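Chain by chain, the residues:
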Amino acid sequence: RVLFGSRPDSLTAEGVPDEVVKELRRHRASAATLIADLAEEVWGRSDKTAKHLMRNCVVDIPARIFMSAEKANDPLARYAIEHAVRGLLAAGPPE
């Protein structure tokens, strides 16, 4: 969540050390590459729409559901994430 929830430029303005901001940029780039690779592997696509949908599957949906869960290992949250992500993975990105 921190990786994608913060913009490196805004962190610099808030006084976060340059080395930390550089490391965050490197991690964001690595994560973006991984997401593109996953989209290509699963759907045979790595366009903007496919990458955005894959990010929803691996970052956004789990983060949102776990943030509202009653406990860290909430079985209902895990169930919801699994089925939401499976549905998106099966449907794939729109044309």
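Remember, it's a predicted structure, so these values are computed and weren't measured experimentally.

Visitor: Provide a residue-level description of the pattern of salt bridges, including the pertinent values.
Guide: Applying the stated rule across the entire model yields 5 salt bridges. Across the salt bridge formed by glutamate 82 and arginine 86, the nearest N and O atoms sit 2.9 Å from each other. With glutamate 82 and arginine 86 both in helix H5 (residues 75-91) and 4 residues apart, this pair spans about one turn of that helix. The exposure class assigned to arginine 86 is exposed, which follows from its relative accessible area of 53%. Look at the salt bridges and you will find they share partners, linking Arg45, Asp47 and Glu95 into a network.

Visitor: Account for the confidence of the model for the chain, naming residues and giving values.
Guide: The pLDDT averaged across the chain works out to 87; a share of 85% of its residues lies at or above 70. Mean pLDDT across the elements of the chain ranges from a minimum in helix H1 (residues 2-5), with 56, to a maximum in H5, with 95.

Visitor: Describe the packing of helix H3 (residues 18-43) against helix H4 (residues 48-68), listing the residues and the values that go with them.
Guide: Relative orientation of the contacting elements H3 and H4 amounts to 105°, with a least axis distance of 9 Å. By the angle between their directions, the pair H3 and H4 is classed as roughly perpendicular. The residues of H4 that touch H3, namely those facing Ile35, Ala36, Leu38, Ala39, Val42 and Trp43, are Ala50, Lys51, Leu53, Met54, Arg55, Val58 and Val59. The residue inventory of the contact of H3 with H4, partitioned by class, reads 11 nonpolar, no polar and 2 charged.

Visitor: How would you sum up H3? Please name residues and give values.
Guide: With 26 residues, H3 extends 37 Å from end C-alpha to end C-alpha; this agrees with the ideal 38 Å at 1.5 Å per step. Residues of H3 that are buried include every one of Val21, Leu24, Ala31, Ile35, Ala36, Ala39 and Trp43, and no others. A positive backbone phi angle near 70° is found at glycine 44, which sits one or two residues after H3.

Procedures and definitions
- Residues numbered from 1 in each chain as written.
- Predicted model: local features only at pLDDT ≥ 70, side-chain atom pairs only at ≥ 80, totals over all residues.
- Heavy atoms only, no water.
- Salt bridge = Lys/Arg side-chain N within 4 Å of Asp/Glu carboxyl O.
- Helix = DSSP H or I, 4+ residues; strand = E, 2+ residues; numbered from the N terminus.
- Buried < 20%, exposed > 50% of the residue type's maximum accessible area, 1.4 Å probe, protein only.
- pLDDT = per-residue confidence, 0-100.
- Axes fitted to C-alpha atoms, helices over the stretch in contact; angles between N-to-C directions.
- Parallel < 35°, antiparallel > 145°, perpendicular 65-115°, else oblique.
- Contact = heavy atoms within 4.5 Å.
- Nonpolar A, V, L, I, M, F, W, Y, C, P; charged D, E, K, R; others polar.
- Expected span 1.5 Å × (residues − 1).

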